[in-house]
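# Tertiary structure, described
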Amino acid sequence: MQEKIITFLQEIKKSTDKEIDQALQNSEPMIEGLYKSAIYSAAGGKRVRAVYTNLVGRLFDVDPDCMLKTACAVEMIHAASLIMDDLPYMDDSQLRRGKPANHVVFGQDVALCASIAMLAKANELVLMDDRIDSDVKIKVSQVLLHSYGFEGLAAGQFVDLKLKRKNIEYEIIRYINDKKTAALFTAAGKAGAIIGNANDDQIHAIEEYSRNIGFAFQIIDDILDVTGDKEVVGKDLSHDSMNYVMLVGKEEAEKRAKKYTDKALNTLKLFGDKAKELVAFSEFLINRVN
Ligand code: GRG
């Protein structure tokens, strides 16, 4: 099953890349530089969120074509957040996805404009998708918007920037991980479930699964931040910034990533054998090296 997930990941990466290329076609010469900056940062990445949206869609037997634009929108939000995260007044990172960060190449001003334009494009992609019913599109759009505002990425980033200290408490780290990472996984999964006409219990199970794999994903990210190889991870590793590993140690962090993954798997029981791809997906996430 792991091999199947890796093949699926490659297929989804291809279809998402194609969809992103189409979404970022420019016909206005005056703003070529803005598009260049957006295209630069929309490229690359593992596309795990797009894969996740698609896997949830498959769980509910959705036609893969109906997942394309939403999965692409999720990846655009993610890419926009990476541009902002790397800015000098945020995380101040120089390297992203194995190449110089957006602002290093295009300047901070352009990077910010590109990031905002990508967020708008993500929402537009969902609302203009003619393969999805209007009421479903509105719900998906709400879920995606919710993931990066006061209840999502921006909230997590605020707490990360303003309340994280060297002698940080567990609650603060948990809040940051919930909002900066789990929120977008939750939106990615919930969007797939909504397109699949899931009922309330099923949506609730997907939310729980998403949140827990999101926590596990961030803990692995923190472990890689401390023990990973910069070349393989493809971004600046912030050894001096407080994270989960520094709080509880590497061994305990690994145990907790496993605990969150087990919790996630528990919520899949509702779906029986149909959830075997999602089971394999969580195993893939916890074993990743970049
Ligand atoms: C309003 C969109 C918006 C953002 C404002 C800057 C910010 C607030 C939030 C930053 C959120 C952020 C970058 C969280 C980190 C999440 C994370 C674990 C990123 C790494 O994800 P991978 O490993 O990256 O999936 P790739 O490159 O593979 O896509």
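The rules behind these values
- Residues numbered from 1 in each chain as written.
- Predicted model: local features only at pLDDT ≥ 70, side-chain atom pairs only at ≥ 80, totals over all residues.
- Heavy atoms only, no water.
- Helix = DSSP H or I, 4+ residues; strand = E, 2+ residues; numbered from the N terminus.
- Rg over C-alpha atoms; globule rule 2.2 N^0.38 Å.
- Buried < 20%, exposed > 50% of the residue type's maximum accessible area, 1.4 Å probe, protein only.
- Contact = heavy atoms within 4.5 Å.
- Areas by Shrake-Rupley, 256 points an atom, 1.4 Å probe, with all protein chains shown as cover.
- Lys, Arg positive; Asp, Glu negative; His and termini not counted.
- Charge placed at Lys NZ, Arg CZ, Asp CG, Glu CD.
- Expected span 1.5 Å × (residues − 1).
- Arc of directions from axis to C-beta.
- Near = heavy atom within 4 Å.
- Polar contact = N/O pair within 3.5 Å; in protein donor to acceptor, adjacent residues only side chain to side chain.
- Axes fitted to C-alpha atoms, helices over the stretch in contact; angles between N-to-C directions.
- Parallel < 35°, antiparallel > 145°, perpendicular 65-115°, else oblique.
- Left-handed = near helix turned anticlockwise from the far one by under 90°.
- Nonpolar A, V, L, I, M, F, W, Y, C, P; charged D, E, K, R; others polar.
- Patch = residues over 30% accessible without salt bridge, like charges linked within 9 Å, V, L, I, M, F, W, Y side chains within 5 Å.
- Salt bridge = Lys/Arg side-chain N within 4 Å of Asp/Glu carboxyl O.

### Description of the overall build of the protein
For the protein, the helix and strand inventory stands at 14 helices and two strands. Against the compact-globule benchmark of 19 Å for 290 residues, the protein has a radius of gyration of 18 Å, which places it among compact chains. On the principal axes, the C-alpha backbone points of the protein span a range of 50 × 45 × 35 Å. Burial analysis of the protein (290 residues in total) assigns 51% to the buried set. Summarising the internal contacts of the protein: among those between residues at least 6 apart in sequence, 72% fall at separations of at least 24. Counting every atom, the protein has about 13,700 Å² of accessible surface; 54% of that belongs to carbon and sulfur. Taking the average location of the 38 positive side-chain charges in the protein and that of its 44 negative ones, the two points are 2 Å from each other.

### Quick word on unusual backbone geometry
We note that R47 has phi near 65°; this positive angle belongs to a residue other than glycine. In this fold, R47 is placed in the loop between α2 (32–42) and α3 (48–59). A relative accessible area of 2% means that R47 is categorised as buried. Unusually for a residue other than glycine, D61 sits at a positive phi of about 55°. Since its relative accessible area comes to 61%, D61 is described here as exposed.

### Things to note about the side chain of D178
The topology assignment puts D178 in helix α9 (residues 170–195). Here D178 is in contact with A183, R211 and F215, once residues within four sequence places are set aside.

### Some words on helix α7 (residues 134–147)
Here α7 is 14 residues long and its end C-alpha atoms lie 20 Å apart, about the 20 Å a rise of 1.5 Å per residue gives. Buried residues of α7: V136, K137, V140, S141, V143, L144 and S147, and no others. All buried residues of α7 fall inside an arc of 160° around its axis, so they share one side. Packed against the buried residues of α7 are α4 (68–86), α6 (108–127), α8 (153–162) and α9.

### Looking at α3
Compared with the 16 Å implied by 1.5 Å per residue over 12 residues, the 16 Å span of α3 between its first and last C-alpha is a close match. By the criterion of burial, α3 is predominantly enclosed, with 11 of the 12 residues buried. Regarding α3, the residues found buried are V48, R49, A50, V51, Y52, T53, N54, L55, V56, G57 and L59. On its buried face, α3 is in contact with α1 (2–23), α4, α9, α10 (200–227) and α14 (276–286). Remark: D61 follows α3 within two positions and exhibits a positive phi of approximately 55°.

### Observations concerning the site of the ligand
Taken together, 21 residues sit near the ligand, with K46, R49, H78, R97 and Q218 positioned nearest. Interatomic distance of 2.6 Å between a side-chain N/O atom of K46 and an oxygen atom of the ligand. A distance of 2.7 Å separates an oxygen atom of the ligand from a polar atom in the side chain of R49. Relative to its unbound accessible surface of 760 Å², the ligand loses 92% to contact with the protein.

### So, the environment of P64
Relative to the assigned elements, P64 resides in the loop between α3 and α4. Judged by relative accessible area, which is 54%, P64 ranks as exposed.

### Concerning the packing of α4 against α6
Where α4 meets α6, the axes come as close as 8 Å, and the angle between the chain directions of the two elements is 165°. As judged from the angle between their axes, α4 and α6 are roughly antiparallel. Read as a crossing pair, α4 and α6 show a hand that is left-handed. For the pair α4 and α6, contact is made by K69, T70, C72, A73, M76, I77, A79, A80, I83 and M84 and by A111, L112, S115, M118, L119, K121, A122, L125 and V126, respectively. Split into classes, the residues belonging to the contact of α4 with α6 amount to 15 nonpolar, two polar and two charged.

### Describing a nonpolar patch on the surface
A surface patch of nonpolar side chains, amounting to about 280 Å² of accessible area, comprises Y89, L112 and I116. As for its placement among the helices and strands, Y89 is situated in the loop between α4 and β1 (95–96). Of the residues examined, Y89 reaches a relative accessible area of 47% and is grouped as partly exposed.

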